[in-house]
Structures are given as C-alpha cells and as structure tokens.
Amino acid sequence: MGGFDEKAFDSPADEVEESVETGPADKADSSLIAHHSSLDLAVCLVSGGMDSCVTAGIAREESGELAFLHVSYGQRTEARERRAFLELADFYGVRRRLVVSLEHLARIGGSSLTDPSIPVAEADLASREIPTSYVPFRNAHLLAAATSWSEVVGARRIYIGAVAEDSSGYPDCRPEFYEAFQRVVDAGTRPTTHVEIRTPVIHMRKTEIVRRGVELGAPLQLTWSCYQAEEKACGRCDSCALRLRAFREAGIEDPIEYA
Ligand SMILES: [Zn+2]
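Computed from a predicted model, the values in this text were never measured in an experiment.

A. Fine view of the packing of helix α3 (residues 50-62) against helix α8 (residues 206-216). Remark: α3 packs on α8, axes separated minimally by 9 Å, with the N-to-C direction vectors making an angle of 45°. Judged on the interaxial angle alone, α8 and α3 are oblique. In terms of crossing hand, the pair formed by α3 and α8 is left-handed. Each of Met-50, Asp-51, Cys-53, Val-54 and Gly-57 in α3 lies in contact with α8, whose residues at this interface are Ile-209, Arg-212, Gly-213 and Leu-216. Looking at the contact of α3 with α8 residue by residue, the class counts come to 5 nonpolar, 2 polar and 2 charged.

And the structure:
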C-alpha cells in the first residue's frame with residue numbers, strides 16, 4: 001500500500017481492516033472499490049486522546065459505520081497512544097482499523113514531540129506563542145492518509161478532533177485550514193468520490209468537550225493525552241494542563257492517573 005504499508009509497522013494483522021489487505025488488483029478496478037463502499041461509512045482519525053474520543057462518539061451518532069485510523073509519527077508517547085486507540089476501537093466495536101506510521105515526521109523533526117533534543121515545555125496556557133510541541137503541518141499528513149483510505153473504502157466523511165480557540169494554538173487546527181483542505185480533497189480525488197471533512201469539536205471549549213463526552217458515554221478513562229509520559233500522565237505538559245483544566249471546569253474528576 002505504498003507509503004502506508006502496515007507491514008512496515010509493528011502491529012498484529014488483526015489490527016488492520018480486511019480491505020486494506022486485498023491485493024493491488026483491487027485498487028486498479030473501480031468496480032471492486034464500489035464493492036467496498038458502505039452506504040454511510042465514515043473514517044475517524046483517532047489519536048487516542050480525549051478530543052478524538054469524543055469526536056468518535058459524535059461520529060458514531062452520525063454514521064452507519066465507522067472506520068478508525070491511527071497515525072504514529074515517532075512521537076514520544078506513540079506506544080501508549082496506540083494502546084489507547086486500540087482500546088477505543090474495541091469500546092466502539094470498530095472492526096475496520098488501520099494503523100499507519102508516518103515516521104518521516106520524526107525524521108523531519110522540529111517539534112518537542114518528535115525530537116528528543118527539544119524538551120517538552122511546562123505548560124503556559126496564557127502564552128500566545130505556538131508551542132514547541134507543534135509538529136509542523138502534521139494534520140495535513142493525517143488528513144492526506146485519511147483521504148486516501150476514504151477513497152479506497154468508499155467513506156463519505158472524515159472526522160478529526162481538532163480544537164481551535166481553546167487549545168495550544170496550532171495553525172493546522174484552525175477552521176480555515178479544514179475549509180482549504182476540503183477543496184484539496186475535492187480537487188484531488190475521483191469525480192465520483194465525495195468525502196466531507198468534519199470537525200465537530202473545533203469551536204468547543206475543552207470543558208464542553210468533557211461534558212459532551214460524558215453525555216455520550218464516551219470512554220474518557222481509556223484516553224491518553226500526555227505528551228511525555230506513558231505510565232502515569234505528567235500533569236505538567238501543555239496537553240495535561242489543558243485536560244486537567246477542562247475537567248476541573250466541568251466539575252468532573254479526570255479518570256486517568258497522574259504522577
Ligand atoms: Zn503530560
């Protein structure tokens with residue numbers, strides 16, 4: 001499967017959706033692609049964090065069937081995030097799963113998440129600077145993988161749990177980025193392909209995301225947000241700080257353990 005060869009990735013075969021394992025002949029025959037189409041299938045990008053967990057809960061309400069896509073990119077906590085992804089997929093009963101490694105993002109570096117020589121900064125939620133945890137243009141790579149997979153499996157929508165205002169200020173979390181990427185998808189896929197990018201939590205405050213998750217019965221206890229620890233969450237990085245503040249403001253106890 002080109003650059004997204006799941007065999008290059010350390011994952012058991014049962015983590016991978018069946019149609020992905022079909023041979024190259026399928027890809028060349030559009031009638032077989034139609035065969036894979038489901039009436040109301042959506043691809044959901046699931047990092048394993050809280051926002052993607054709640055986004056998946058919303059996607060489940062809006063879709064007939066979900067396909068979960070997880071992207072590792074050499075980030076510090078990739079093993080822990082992958083575990084959260086698998087547990088979320090089990091919880092939501094999702095059989096179509098794809099785990100891909102975009103390890104070129106780690107080789108490119110430029111982020112404290114992928115470059116061990118750049119320390120993960122203590123949170124500064126008042127700062128307006130783009131934090132060092134920003135992985136340059138990462139979400140475009142994620143959306144590109146999701147678009148390719150959607151076109152192959154016949155999905156109609158892609159869900160991604162980007163949060164704009166109430167988050168770290170990453171430029172690839174802004175609504176205008178998703179509007180622009182929608183035009184990229186429309187221009188760069190088959191005329192018969194119609195995939196809509198949905199960002200259901202993009203304008204929510206983090207505390208609203210917690211509340212919505214609880215309302216939906218989303219398994220927040222299975223999620224992982226910490227940027228630097230894999231045993232117990234550090235409680236000090238940007239992602240932990242945003243998460244803890246969200247639960248505190250919602251008046252709900254965060255079900256995961258902190259150091
Ligand atoms: Zn942390």
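B. A look at helix α6 (residues 138-153). The end-to-end C-alpha separation of α6 is 23 Å, in line with the 22 Å expected for 16 residues at 1.5 Å each. All of the buried residues in α6 are Arg-138, Asn-139, Leu-142, Leu-143, Ala-145, Ala-146, Thr-147, Trp-149, Ser-150, Val-152 and Val-153. Taken from the residues just after α6, Gly-154 is the one with a positive phi, measuring 75°.

C. Looking closely at the sheet that holds strand β1 (residues 41-45). Across the sheet, 5 strands lie side by side as β3-β2-β1-β4-β5; this open sheet has parallel pairing. Each of the sheet's edge strands pairs with one partner strand only, and the pair in question is β3 (96-101) and β5 (196-198). Direction aside, neighbouring strands of the sheet carry axes that sit 20° apart on average. In this structure, β1 lies alongside strand β2 (residues 65-72), joined through 5 bridges in parallel fashion. Opposite Leu-41, over in β2, you have Glu-65 as the bridge partner.

D. Here's a closer look at the pairing of β1. Counting buried positions along β1 yields 4 of 5 residues, so the element is predominantly enclosed. Tracing the backbone out of β1, into α3 and back to the parallel element β2 gives a crossover that is right-handed. Inspection of the sheet shows β1 paired to strand β4 (residues 157-159) by 3 bridges, in the parallel sense. Residue pairing in the sheet places Cys-44 in a bridge with Tyr-159 of β4.

E. Spotlight on the environment of Glu-179. You can see Glu-179 is positioned in helix α7 (residues 175-188). On the neighbour-count criterion, Glu-179 (11 C-beta atoms within 10 Å) is exposed. Along the backbone, Glu-179 and Arg-198 are 19 residues apart, and their C-alpha atoms lie at a distance of 9.7 Å.

F. Highlighting α7. Under the 1.5 Å per step criterion, the end-to-end length of α7 is 20 Å for 14 residues, consistent within 8% with the ideal 20 Å. For α7, every residue scored as buried is listed here: Phe-177, Tyr-178 and Val-185. Projected onto a plane normal to the axis of α7, the buried residues spread over an arc of 90° and lie on a single side. Exposed residues pointing more than 90 degrees away from the buried face of α7 are listed as Glu-176, Glu-179, Ala-180, Arg-183 and Ala-187. Packed against the buried residues of α7 are α6 and β5.

G. View of the nonpolar core. Counting 67 residues, the largest nonpolar core has Val-43, Cys-44, Leu-45, Leu-69, Ala-146 and Ile-158 as the members making the most contacts within it. A per-element tally of this core places α6 first, with 7 residues. Dropping the residues within four chain positions of it, Ala-146 is found in contact with Val-43, Leu-45, Leu-69 and Ile-158.

H. Representation of the packing of α8 against helix α9 (residues 238-250) within the structure. Their axes nearest at 8 Å, the elements α8 and α9 cross at an angle of 65°. If you check the angle between α8 and α9, you find them roughly perpendicular. The handedness of the crossing between α8 and α9 comes out as right-handed. Contact residues: α8 offers Lys-206, Thr-207, Ile-209, Val-210 and Arg-211, while α9 offers Leu-242, Arg-245, Ala-246, Phe-247, Glu-249 and Ala-250. Its residues assigned to classes, the contact of α8 with α9 comprises 6 nonpolar, 1 polar and 4 charged.

Here is what the cut-offs are and how they apply
- Residues numbered from 1 in each chain as written.
- Predicted model: local features only at pLDDT ≥ 70, side-chain atom pairs only at ≥ 80, totals over all residues.
- Axes fitted to C-alpha atoms, helices over the stretch in contact; angles between N-to-C directions.
- Helix = DSSP H or I, 4+ residues; strand = E, 2+ residues; numbered from the N terminus.
- Parallel < 35°, antiparallel > 145°, perpendicular 65-115°, else oblique.
- Left-handed = near helix turned anticlockwise from the far one by under 90°.
- Contact = placed C-beta atoms within 7 Å.
- Nonpolar A, V, L, I, M, F, W, Y, C, P; charged D, E, K, R; others polar.
- Expected span 1.5 Å × (residues − 1).
- Buried ≥ 20, exposed ≤ 12 C-beta atoms within 10 Å, placed from the backbone.
- Pairing = 2+ DSSP bridges.
- Right-handed = clockwise from strand over helix to strand, strands pointing away.
- Arc of directions from axis to C-beta.
- Core = buried A, V, L, I, M, F, W, Y, C linked by C-beta atoms within 7 Å.

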